[in-house]
Amino acid sequence: MIDQLSLCLYKGETTALIGPNGAGKTTLGKLLTGIIKPAAGQLLIFGEDARSLPLSRIGQKVGYCFQNPRQQLLAASVEEEIAFGLVYRGVRRETIETTVDSLLELFEIEHLRRAFPLNLSWGEKRRVVLAACLALNPQYLVLDEPTVGLDAERIRTFNRVLARLRENGIGMLLISHDQEFVRENAGRILPMEGGSIIDDLRI
Amino acid sequence: MYMLEAKSISFRYPGQTKLILENISMTLEAGQITALTGPSGGGKSTLAYCLSGVIPAQIKGEFSGWVTHQGRVGIVFQDADAQVFLPTVEDELAFGPENLCLPRQEIAARINGILELLGMEDLRLKNPARLSGGQKQLVALGGVLTLAPDILVLDETLSQLDQITRERVKKVLLALKNQGRTIIMIEHESKINDIADQIWLLAEGRMQRLPSPTGGEQS
Amino acid sequence: MTSASELDPRTKLTIIICLTSAAVIISNWAFLGGLCLVSFILLAIFGASPWGIIKRVRLLLYMVVVIALMQSIFAPSGQTLLAFGSVKLVTAGGLLKGAEFLLRMLIIIASAGILSTSNHREIMQGLVQWKLPYEIAFMASMGIRFLPVFAEEFRDAVIAVQLRGVDIKQLPLRQKLEVTASLFQPVVAGALLRSKDIAMSIEMRGFRAYPTRSSYLVLELKGYDYAVMISAVNGTIIMMGGYFFIY
């Protein structure tokens, strides 16, 4: 599906991966995060060889949001979902509570605090997953179609969140069809087609 | 003559205190494309379920009001993974017509027609589960189109498609509209301004008609 | 020459019915061993990789081996090979019974592998053309369709946990159990929700709108299908005859 692809993504930069359905964007996103292993070639994540890195180590630095938010929901309630990674990494309870509260507020899902995540609408699931991802303070984010299911107002909020993350030096890879969203956030655009990156544009 | 008429629809999911839909009425005419927009979690999918009959037939809750429609309703859900389950795209497209006991030649004609219309000929024998998200959504749409529904409900179908495919699907929808079918689409405004005849905003359980992009009447 | 995997699903069903019925009736480890070998050879002929199938079900196989060992401990017979005081732990007869159980399970696994060389729509159509009621054939094909999905969802849940920076292996025991339990939750809940969603989707696509339905896919038995089916049945009868004659 992807053959002989070479790419360098920079830490503090926001890159967008665009292209038609089936071009391989999600596959590339998963390869870059170590979720799927390349058949050949070398992958370095933050300078370390991905093959020798367990996915949990990568997960401590890179936040990944699947295209279908359902694939990432693990807990019985929204607040447990957001707190999940923190709880098992031994973070103090007060810190967890503050983080969860602020993220619930940021994504406007306080009213869903005790809701069962798998029962929520697509857009609500998406916001829960984003919150859970950001709770872990990742140094780099990979977001696969993050705006599907979000209305204009929520996308604006999300853009503000991303802008703030950029200010703090957090880099990201945005896989998206949403041209407006890409224009608003990306400094570098990589169009993909048939498993290859066909251009490298800086805006 | 209305293709679809909904009167005073209210709905509350079990265990919820608030009504997610409150006293909603709307009418859809033949040959019309209606857009339904609004904040996420605001009840758009729920309304789509009410209009297509999924509520109250398959989803429990407190439903009041009534919906009548002329002809068959087809609905494409937001989650493509929940709709494609057969081993090939061809099987997916055949499923609906098979359920309607259509003869094989008719089914073959419909499958060929839809594959061509949606530009999916090369996906005919592929396993839908292995396709990309957008392609799956296209297969889900195809599976409903082979039923030749008179009323088509699309829940965020376009937002998962890339630009080229989106334009293609819009052309298909316009063709269906010209055949006298009714289409209601849940999408964000910006994407379907160019083809929608009327736009409704659903927020806080209430409906409000927005100024028509094509210069139609205001409500 | 037609490839074996292109055989009609009904032919494959006939073969596996022969294999599994024989496996259930026969209780001699030598015969079962031979039958097991035949199943895996057939599996390879059908284009599935025997080793691949074993790898995919290795968790199941561990359980089977454990059960086989337990069977040999709790149903002792014959010469005692290993005892703990007066308790017979391992006996020759018990071991043989355990081995028979393991061989039967392997035959069943190989049969499932043979069946998997047809897709579930074809299998369903085969059952329907054999006059099985559509709803039952549909349920069976859905089971076939979704079993691998649960395995996949479990893997997805494991990946999701790791992506949250959690290394299950490094956790203290209590948390390890908690997280493992939380892995099953999305799979089970996901399965229930998915079946609800699919039910919604198929109902909206006319499922059971009428008492019958037509089918775009039509299976036709060819000459070689009949030849294989007849050979399979004959072969089984001959083998069973030989078994009953000897024992």
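Everything below is about the structure printed above this text.
What you are looking at is a predicted structure, and each value in this text was computed from that prediction instead of being measured.

Enquirer: Quick question: what am I supposed to make of the overall build of chain B here?
Expert: Tallying secondary structure elements over chain B gives 7 helices and 9 strands in all. Scaling as 2.2 N^0.38, a compact globule of 219 residues should have a C-alpha radius of gyration of about 17 Å, and chain B matches this with 17 Å. Viewed in the frame of its principal axes, chain B has a C-alpha envelope of about 45 × 40 × 35 Å. Going through the 219 residues of chain B one by one, you find that 52% of them count as buried. Within chain B, contacts between residues separated by at least 24 positions form 69% of all contacts whose residues are at least 6 apart in sequence.

Enquirer: In this structure, what is going on with the overall build of chain A? I would like to understand it.
Expert: The helix and strand tally for chain A stands at 7 helices and 9 strands. Across its three principal directions, the C-alpha atoms of chain A cover 45 × 40 × 30 Å. Taking all 203 residues of chain A together, 49% fall into the buried category. Taking the intrachain contacts of chain A between residues at least 6 apart in sequence as the baseline, contacts between residues at least 24 apart amount to 70%.

Enquirer: Would you mind showing me how to read the interface of chain B and chain C here?
Expert: Interface size, as often reported, equals the accessible area lost upon joining of the parts. The partner chain C presents 21 residues to the 28 residues of chain B that form the contact. For the side of chain B that touches chain C, the element with the most residues is helix H3 (residues 89–99) of chain B, which contributes 6 residues. For the side of chain B that touches chain C, the per-class residue count stands at 17 nonpolar, 7 polar and 4 charged.

Enquirer: Even after reading the chapter, I still don't get the nonpolar core, so can you show me in this structure?
Expert: Generally speaking, soluble globular proteins have nonpolar side chains that are buried together. With 70 residues, the main nonpolar core has B:Cys50, B:Ile75, B:Val153 and B:Met185 as its most contacted residues. Counting residues per element, this core draws most heavily on helix H5 (residues 133–145) of chain B, which supplies 6 residues. Grouped together as the second largest cluster of nonpolar side chains are 60 residues, A:Ala75, A:Phe107, A:Leu141 and A:Phe181 included.

Enquirer: What am I meant to see in the interface of chain B and chain A here?
Expert: With 22 residues of chain B at the interface, the matching set in chain A holds 18 residues. When contributions to the side of chain B that touches chain A are tallied by element, the ones reaching two or more residues are H5 and helix H6 (163–178) of chain B.

Enquirer: For this particular structure, what's the right way to read helix H2 (residues 29–45) of chain C?
Expert: One turn of the α-helix equals 3.6 residues, which is why residues spaced by three or four share an orientation. Residue and element names in this part refer to chain C. Compared with the 24 Å implied by 1.5 Å per residue over 17 residues, the 24 Å span of H2 between its first and last C-alpha is a close match. Considered for burial, the residues of H2 that qualify are Phe31, Leu32, Leu35, Cys36, Ser39, Phe40, Leu42 and Leu43. Each element contacted by the buried residues of H2 is listed here: helix H1 (9–25), helix H3 (50–56), helix H5 (92–115) and helix H9 (223–246). Downstream of H2 by one or two residues, Gly47 has phi in the positive range, about 95 degrees.

Enquirer: I tried to follow the sheet that holds strand S1 (residues 2–12) of chain B on my own but got confused; where do I start?
Expert: The strands making up a sheet associate through backbone hydrogen bonding, with each pair oriented either parallel or antiparallel. Residues and elements named next belong to chain B. The antiparallel open sheet is built from 3 strands, whose spatial order is S2-S1-S4. Each edge of the open sheet is held by one strand with a lone partner, namely strand S2 (21–29) and strand S4 (62–69). This sheet shows a mean twist of 5 degrees between the axes of neighbouring strands, independent of strand direction. Pairing between S1 and S4: 7 bridges, direction antiparallel. By the bridge assignment for S4, Phe11 is matched with Phe63. Here helix H1 (residues 44–52) sits on the sheet and contacts S1, S2 and S4; the angle it forms with S1, its principal contact strand, is near 125 degrees.

Enquirer: Any chance you could explain the pairing of S1(B) here in plain terms?
Expert: Side-chain direction in a regular strand flips from residue to residue, so the side chains alternate between the two faces of the sheet. Relative to S2(B), S1(B) runs antiparallel, the two being bridged by 6 bridges. Counterpart to B:Ala6 in the pairing with S2(B) is B:Met26.

Enquirer: Can you help me understand the packing of helix H7 (residues 134–163) of chain C against helix H8 (residues 173–204) of chain C in this one?
Expert: For any two helices packed against each other, one specifies the crossing angle of their axes together with the interaxial distance. All names here are of chain C. Running from N to C, H7 and H8 cross one another at 135 degrees; their axes reach a closest spacing of 9 Å. What the angle tells us is that H7 and H8 run oblique. Our pair here, H7 against H8, has a crossing hand that is right-handed. Contacts from Phe150, Glu153, Phe154, Ala157, Val158 and Val161 in H7 reach Val179, Leu183, Pro186, Val187, Gly190 and Ala191 in H8. Tallied by class, residues from the contact of H7 with H8 come to 10 nonpolar, 1 polar and 1 charged.

Enquirer: When you look at H5(C) in this model, what are you seeing that I'm missing?
Expert: Between its terminal C-alpha atoms H5(C) stretches 35 Å, which fits the 34 Å expected from 24 residues at 1.5 Å a residue. Among the 24 residues of H5(C), 17 are classified as buried, and the element is accordingly described as predominantly covered.

Enquirer: Help me out: how do you make sense of the environment of C:Ala181 in this one?
Expert: Residues and elements named next belong to chain C. Along the chain, Ala181 falls in helix H8. Under the C-beta neighbour-count criterion, Ala181 is labelled exposed, with 9 such atoms within 10 Å. The spatial distance from the C-alpha of Ala181 to the C-alpha of Ile16 is 36 Å, given a sequence separation of 165 residues.

Enquirer: Where do I start with the pairing of strand S7 (residues 182–186) of chain B in this structure?
Expert: All names here are of chain B. Most of S7 sits inside the fold, with 5 of its 5 residues counted as buried. As judged from the 5 bridges shared by strand S6 (residues 151–155) and S7, these two strands associate in the parallel manner. When the sheet's bridge partners are listed, Leu152 is paired in S7 with Ile183. Remark: the S6/H6/S7 crossover connection has right-handed handedness.

Enquirer: Got a minute to help me understand unusual backbone geometry in this structure?
Expert: With the exception of glycine, most residues fall at negative phi, and the peptide bonds are largely trans. Residues and elements named next belong to chain B. In this chain, Ile55 is followed by Pro56 through a cis amide linkage whose omega measures 5 degrees. With respect to the helices and strands, Pro56 occurs in helix H2 (residues 54–57). In this structure, Asn23 is a non-glycine residue whose phi angle is positive, near 55 degrees. If you trace the backbone, Asn23 turns up in strand S2. Positive phi is not limited to glycine here, since Ala148 has a value of about 50 degrees. Along the polypeptide, Ala148 turns up in the loop between H5 and S6.

Enquirer: Help me understand the sheet that holds S7(B), please; the structure alone is not making it clear to me.
Expert: Residues and elements named next belong to chain B. Strand order in the open sheet formed by 6 strands is S5-S6-S7-S3-S8-S9, with mixed pairing between adjacent strands. Here the strands that pair on one side only, and so sit at the sheet edges, are strand S5 (73–76) and strand S9 (206–210). The sheet shows a mean angle of 20 degrees between the axes of neighbouring strands, taken without regard to direction. Where strand S8 (residues 198–203) and S9 come together, 5 bridges link them in antiparallel fashion.

Procedures and definitions
- Residues numbered from 1 in each chain as written.
- Chains lettered and ligands numbered in written order.
- Predicted model: local features only at pLDDT ≥ 70, side-chain atom pairs only at ≥ 80, totals over all residues.
- Helix = DSSP H or I, 4+ residues; strand = E, 2+ residues; numbered from the N terminus.
- Rg over C-alpha atoms; globule rule 2.2 N^0.38 Å.
- Buried ≥ 20, exposed ≤ 12 C-beta atoms within 10 Å, placed from the backbone.
- Contact = placed C-beta atoms within 7 Å.
- Nonpolar A, V, L, I, M, F, W, Y, C, P; charged D, E, K, R; others polar.
- Core = buried A, V, L, I, M, F, W, Y, C linked by C-beta atoms within 7 Å.
- Expected span 1.5 Å × (residues − 1).
- Pairing = 2+ DSSP bridges.
- Axes fitted to C-alpha atoms, helices over the stretch in contact; angles between N-to-C directions.
- Parallel < 35°, antiparallel > 145°, perpendicular 65-115°, else oblique.
- Left-handed = near helix turned anticlockwise from the far one by under 90°.
- Right-handed = clockwise from strand over helix to strand, strands pointing away.

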